Amino acid sequence: MELILDSLLDALIDGAKMLPFLYLAYLLIEWLERHHGQRIENALAGGGRWGFVPGALLGCVPQCGFSAVAANFYASRVITPGTLLAVFVATSDEAIPLLAAEPELWGSLIALLVLKVVFGMAAGFVLDVPLRRILPASLYGGYAGHADEVDCHEEHEEHSGIFLAALRHTLEIFLFILLFSFAIGLIFGLVGDTAAANFLGSLGLFQPLVAALIGLVPNCGASVLLAQLYVQGVISFGSLFAGLCAGAGIGLAVLWRVNPSWKQNLFMTGLLWAFGACCGILLMWV
C-alpha cells in the first residue's frame, strides 16, 4: 500500500508541474485548428506528385487530425502514398505538448520536429519518385490525377471557445500522463529502477523496434507513453524517434476504415513501422 501511495503521489506531483505548459500548448493547437485548418487541408490536397513536401511540414503540427485528413485524401486518390507516408512520419500528436511541458527538453523537442520533417520528406520522395515505377499500381494506390468525393472535416467543438476546448484536452492528456506515470512508477517500484532500466537498455538495437511497434497503436496513449518513458530516461532519443515516426495518431485507424485495399493498408503499416525502426537505429549510432 505504501508503494501504491508513493507512486500515485509522485505521478500527481510530476503531472501538476507540467499543467501550465500543457495548457498553453493546447491553446496554440486549438487556435491553429480553428483559424488555419482549412488552409492546411488545401495545401495538403494541392501538392500533387510533390505533396510529400507540404505533407511533412504540415504533419509536424502537434495534433493527429491531419493524419486522419491525409488518410481520407489517400483513399479518395487526392494525394500520393508518399504524401501520406510523409504526414504519418511527421505526425507527433500528444507527444509534442508533453515534451514542451518540460523546459529542459526543449532542445530535444526542436531536434525531434526538425528530424521528423526531414525524414518525412525523404521517405515521401523515395516512395513517390524511384519506387513509383517499381511498385504495382494495386499496391501503390493514391493520386491518379483526379479526386473522388471526400468528406474529411472533423468536428472541432466549434460550439465551445478555445479556452474551454484547450482545458478539456489538457485534462484528458493529464489523466493519460497520470495513469502512465503511476503505472511506470509502480512497475519500477516493484522490480526496481535499476532492473527495469537495465532490461530496456539490454534490448540494444531492438529497443527502437519495440518502440516502433508501440507507436503503431492508433491512439494518443501510445505517444504519451513513449514521451513519458523518454522524459524519465528509460528509453533513448532514437527509440522515442522510432516510436513517434511510426505513430500516426488515429491516421492508421482511419486508413484501415476508409481505404478498401487491405494490401495497400498493410503495406503502408509495415512501411511505417520499418521506416520508424530504421530511423531510430540510425539515430542510436549517431
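Residues numbered from 1 in each chain as written. Predicted model: local features only at pLDDT ≥ 70, side-chain atom pairs only at ≥ 80, totals over all residues. Heavy atoms only, no water.

(A) View of the overall build of the protein. Check the secondary structure of the protein and you find 14 helices and zero strands. Its helices and strands taken in sequence order, the protein reads α-α-α-α-α-α-α-α-α-α-α-α-α-α from the N to the C terminus. Partitioning the intrachain contacts of the protein with sequence separation of at least 6 by distance along the chain shows that 84% fall at a separation of at least 24. Of the roughly 13,100 Å² that the protein leaves accessible, carbon and sulfur atoms contribute 71%. (Helix = DSSP H or I, 4+ residues; strand = E, 2+ residues; numbered from the N terminus. Contact = heavy atoms within 4.5 Å. Areas by Shrake-Rupley, 256 points an atom, 1.4 Å probe, with all protein chains shown as cover.)

(B) Expanded view of a negative patch on the surface. There is a patch of like negative charges on the surface, built from E2, D6, D10 and D14. Its location among the elements puts D10 in helix α1 (residues 2–45). (Patch = residues over 30% accessible without salt bridge, like charges linked within 9 Å, V, L, I, M, F, W, Y side chains within 5 Å. Salt bridge = Lys/Arg side-chain N within 4 Å of Asp/Glu carboxyl O. Lys, Arg positive; Asp, Glu negative; His and termini not counted. Charge placed at Lys NZ, Arg CZ, Asp CG, Glu CD.)

(C) Fine view of the nonpolar core. Counting 51 residues, the largest nonpolar core has L84, F88, L99, L255 and L272 as the members making the most contacts within it. Those residues within four positions of L272 in sequence are excluded, and the remaining contacts are L85, F88, V89, L216, C245, A246, A248 and L252. Counting six residues, the second largest nonpolar core, distinct from the first, contains F52, A56, A90 and V117. (Core = buried A, V, L, I, M, F, W, Y, C linked by side-chain atoms within 4.5 Å. Buried < 20%, exposed > 50% of the residue type's maximum accessible area, 1.4 Å probe, protein only.)

(D) How the structure looks around helix α14 (residues 262–285). In this model α14 runs 35 Å from its N-terminal to its C-terminal C-alpha over 24 residues, within 8% of the 34 Å that 1.5 Å per residue would give. Along α14, the residues that are buried comprise Q264, N265, M268, T269, L272, G276, A277, C279, G280, I281 and L283. (Expected span 1.5 Å × (residues − 1).)

(E) Quick look at the packing of helix α6 (residues 106–128) against α14. Contact geometry for α6 and α14: axes closest at 12 Å, N-to-C directions at 130°. When the axis of α6 is compared with that of α14, the two are oblique. Both α6 and α14 take part in a crossing whose hand is right-handed. Mapping the contact onto sequence places L115, F119, A123 and L127 in α6 and F267, M268, L271, F275, C279, L282 and L283 in α14. Per-class residue counts for the contact of α6 with α14 are eleven nonpolar, no polar and no charged. (Axes fitted to C-alpha atoms, helices over the stretch in contact; angles between N-to-C directions. Parallel < 35°, antiparallel > 145°, perpendicular 65-115°, else oblique. Left-handed = near helix turned anticlockwise from the far one by under 90°. Nonpolar A, V, L, I, M, F, W, Y, C, P; charged D, E, K, R; others polar.)

(F) Region of the structure containing the packing of aromatic side chains. Applying the stated criterion across every chain, the model contains five aromatic pairs. Seen from their ring centres, F52 and F125 are 6.1 Å apart, and the 75° between their planes marks the pair as edge-to-face. Highlighted residues: F52 in helix α2 (residues 52–59) and F125 in helix α6, separated in sequence by 73 residues. Under the relative-accessibility criterion, F52 is labelled buried at 4%. Ring centres 6.3 Å apart and planes at 70° place the aromatic pair F119 and F275 in the edge-to-face group. Placement of F119 in helix α6 and of F275 in helix α14 is noted, with a sequence separation of 156 residues between them. Given a relative accessible area of 16%, F119 falls into the buried group. (Phe/Tyr/Trp six-rings, centres within 6.5 Å; stacked < 30°, edge-to-face > 60°.)

(G) Broad picture of the side chain of S239. Note that S239 resides in helix α12 (residues 237–246). Using a relative accessible area of 0% as the deciding quantity, one classes S239 as buried. Setting aside chain neighbours within four positions, we find S239 in contact with Q207, P208, A211 and M284.

(H) Structural context of the side chain of T269. Of note, T269 is situated in helix α14. The buried category is assigned to T269, whose relative accessible area is 15%.

(I) Region of interest: a nonpolar patch on the surface. Together, W50, F125, V126, L131 and I134 make up an exposed nonpolar region whose accessible area comes to about 490 Å². Examined against the element boundaries, L131 turns out to sit in the loop between α6 and α7 (137–140). Using a relative accessible area of 30% as the deciding quantity, one classes L131 as partly exposed.

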